[in-house]
Amino acid sequence: MDIEKELVATLTQDDACLVYQQQGVHKCHFADERCAKAFEFGMGYFQSFGHLTTAPTVEVMDNEVPGFSTYISDVTGAAPAYLADKIKALYIKRQSEDTLRKALPMLAGSPQETASHLRDAFGVIVDNCSVADRCLTFGEGMDEYEYRLAQQREADGAPYPFREMQDWTGGIRPGEIAVLAAPTGKGKSMFACKAALEAVRAGWNVNYVTMELSIETVAERIALMQANIKDTRVLPESMRTADGMTPDTLRAMHGAREEVADMPGTLVIDMPSVEDRTPGAIIQNCKLHHCNYLIVDQLQFVTQPKSNSMSEALGGVMKDFKTQLLSPSDGVQLPMLMLHQINREGVKTQEGAPGKIGSMTNLSSSSWIEQLADVVWGMGCSQEEANVGLMNLGTLKSRAFAPVGWKLNWDLPDYRFDINRSGGVANRLQDW
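Just so it is clear, the structure is predicted and the values come from calculations on it, not from any experiment.

Description of the overall build of the protein chain
Consideration 1: Per the secondary structure count, the protein chain includes 17 helices and 11 strands.
Consideration 2: The dimensions of the protein chain, computed from C-alpha atoms along their principal axes, are 80 × 60 × 45 Å.
Consideration 3: A fraction of 68% describes how many contacts in the protein chain between residues 6 or more apart in sequence connect residues 24 or more apart.
Consideration 4: With an accessible surface of roughly 21500 Å², the protein chain has 52% of that area assigned to carbon and sulfur atoms.
Consideration 5: When the 40 positive and 56 negative side-chain charges of the protein chain are each reduced to one mean point, those points stand 4 Å apart.

Brief notes about the sheet that holds strand E1 (residues 177–182)
Consideration 1: Pairing within the open sheet is mixed, and its 9 strands lie in the order E3-E2-E4-E5-E1-E6-E7-E8-E9. Lying at the two open borders of the sheet, with one neighbouring strand each, are strand E3 (267–270) and strand E9 (416–419). The average angle at which neighbouring strand axes cross in this sheet is 20°, direction not considered.
Consideration 2: Relative to strand E5 (residues 336–341), helix H10 (residues 188–201) is tilted by about 170°, and along the sheet it contacts E1, strand E2 (206–210), E3, strand E4 (293–297), E5, strand E6 (375–380), strand E7 (390–397), strand E8 (405–411) and E9.

Digging into unusual backbone geometry
Consideration 1: The omega torsion of the bond from Asp297 to Gln298 falls at 10°, within 30 degrees of zero and hence cis.
Consideration 2: Its location among the elements puts Gln298 in the loop between E4 and helix H14 (310–326).
Consideration 3: Backbone geometry places His51, a non-glycine residue, at a positive phi of 50°.
Consideration 4: Positionally, His51 belongs in the loop between helix H3 (33–47) and helix H4 (58–64).

Quick look at the nonpolar core
Consideration 1: In this structure, Phe191, Tyr293, Ile295, Leu337, Trp377, Met379 and Leu393 are the most contacted members of the largest nonpolar core, which totals 52 residues.
Consideration 2: Of all the elements, H10 adds the most residues to this core, at 9 residues.
Consideration 3: The contact partners of Leu337, leaving out residues within four places of it in the chain, are Ile172, Ala178, Leu180, Phe191, Ala192, Ala195, Tyr293, Leu294, Ile295 and Val296.
Consideration 4: With 31 residues, the next largest nonpolar core counts Ala181, Met336, Ile342 and Ala373 among its residues.

Some details on helix H6 (residues 80–103)
Consideration 1: End to end, H6 covers 34 Å across 24 residues, agreeing with the expected 34 Å (1.5 Å per residue, within 8%).
Consideration 2: Listed in full, the buried residues belonging to H6 are Pro80, Leu83, Ala84, Ile87, Lys88, Tyr91, Ile92, Ser96, Thr99 and Ala103.

Some details on the packing of helix H13 (residues 279–288) against H14
Working note: a packed helix pair is described by the angle between its axes plus the distance between those axes.
Consideration 1: The geometry of H13 relative to H14 is characterised by a closest axis approach of 9 Å and an angle of 35° between their N-to-C directions. The chirality of how H13 crosses H14 is right-handed. Judged by residue contacts, Pro279, Gly280, Ile282 and Ile283 of H13 engage Val317, Asp320, Phe321, Gln324 and Leu325 from H14.

Examining the packing of aromatic side chains
Consideration 1: Scanning all chains against the criterion turns up 11 aromatic pairs.
Consideration 2: Between the aromatic rings of Phe30 and Phe39, the centroid separation amounts to 5.0 Å while the plane-to-plane angle is 40°, which identifies the pairing as tilted. One exposure class covers both Phe30 and Phe39, and it is buried.
Consideration 3: Residue placement shows Lys5 over the ring face of Tyr71; its charged tip is 4.7 Å from the ring centre.

Section: the environment of Tyr20
Consideration 1: Structurally, Tyr20 can be placed in helix H2 (residues 14–23).
Consideration 2: Taking the C-alpha atoms as reference, Tyr20 lies 9.1 Å from Leu83; in sequence the two are 63 residues apart.
Consideration 3: Dropping the residues within four chain positions of it, Tyr20 is found in contact with Leu7, Thr10, Leu11, Val25, Phe39, Met43, Pro80, Leu83 and Ala84.

Structural notes on the pattern of salt bridges
Consideration 1: All told, the structure shown has 13 salt bridges when counted by the stated rule.
Consideration 2: Residue Arg421 is joined to Asp418 by a salt bridge in which the shortest nitrogen-to-oxygen separation is 3.3 Å.
Consideration 3: Residue class for Arg421 comes out partly exposed when judged on its relative accessible area of 36%.
Consideration 4: Because the salt bridges share partners, they merge into one network encompassing Asp98, Arg101 and Lys102.

Examining H2
Consideration 1: With 7 of 10 residues buried, H2 lies mostly within the body of the structure.
Consideration 2: Within H2, burial applies to Ala16, Cys17, Leu18, Val19, Tyr20, Gln21 and Gln22.
Consideration 3: Positive phi appears at Gly24, one or two residues downstream of H2, with a value of about 75°.

Reading the values: the criteria
Residues numbered from 1 in each chain as written. Predicted model: local features only at pLDDT ≥ 70, side-chain atom pairs only at ≥ 80, totals over all residues. Heavy atoms only, no water. Helix = DSSP H or I, 4+ residues; strand = E, 2+ residues; numbered from the N terminus. Contact = heavy atoms within 4.5 Å. Areas by Shrake-Rupley, 256 points an atom, 1.4 Å probe, with all protein chains shown as cover. Lys, Arg positive; Asp, Glu negative; His and termini not counted. Charge placed at Lys NZ, Arg CZ, Asp CG, Glu CD. Pairing = 2+ DSSP bridges. Axes fitted to C-alpha atoms, helices over the stretch in contact; angles between N-to-C directions. Core = buried A, V, L, I, M, F, W, Y, C linked by side-chain atoms within 4.5 Å. Buried < 20%, exposed > 50% of the residue type's maximum accessible area, 1.4 Å probe, protein only. Expected span 1.5 Å × (residues − 1). Left-handed = near helix turned anticlockwise from the far one by under 90°. Phe/Tyr/Trp six-rings, centres within 6.5 Å; stacked < 30°, edge-to-face > 60°. Lys NZ or Arg CZ within 6 Å of the ring centre and 35° of its normal. Salt bridge = Lys/Arg side-chain N within 4 Å of Asp/Glu carboxyl O.

Now the structure itself:
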């Protein structure tokens, strides 16, 4: 298939031009000059005379690009989104090979100059494949604006563990980072395990990256959650008595593992070695597993760049994650859930009174997280709430939805938890 010719042939379709506008396809992506010229005119017409709603007709294209209809007469007709991805992938391959060929002779000189040249060259390649910047002037371009809003409403992101969270937020969208912050031992990993389970149930392919708990512990927790959805009460191995491994327990755990394996999505749990804990390696490994939802447990264990302070180091990790999620070299954006710690001051806030979860200032590297995270959730409870199995969950920062908080039924020994309800209605935190 001649990707460039196939793409040019779609320039007479309104929806195709809108896809190319949104995906940042540019004439520089074409190797064939004739196709580049046709694309430049067709998109120029769509953006100016067509006001982002009307593509040029075949007659208009023939008038400006003589022989256009004859040139495209043998195309097969591929989807515009597919063509946009393919042409950028071919451009990246072509430009990368050319850059490396030019850099090889430079290796005999200064290594620093060679590295600087490669950094700048590859930076340009990535920038040329980034999604196009958009602006909106009210009264102009409103059709595209409404179209984008409709797309956001219809396409939910990677799911949170509770339906109310998903309905309220739309989930975690590709390219976004959601952070869950809580004190040590309050259930961050439990929340992440539940998020992974519900995402796999919904058909997402999840890469759960654990850097503190063992792979076996994470796998057992997820199996326990699935087993305890039913009436069978199965305790984790660490809490079982000598006679706790009953035939019913064995059957429940075996059945739960099979049920998770048979779900529409896939679950990959891994613990990267220290040298592979950089944001780039974690994201690349997620894609190598063919996963489209990344969960990282937790921020402080990701390999940090050298810096003068821990806050700057964590900020550098966040910045690297955000850059690679938003502008990946392969064009595939991932949604990401990351776990993080609330500091001692935040713990005191939670212990001081029921219904408190702290604030953004209670997070390590809070200024970086404020800038780069799309959504930040706080979770925790006072001792009084812990005694009756309640936990608080609420937004410390929200992307584009009103702040919200709920009370959770939090039964860690049974590995069962959900939003606390009264008469079927979710119990909300006060002052949200």
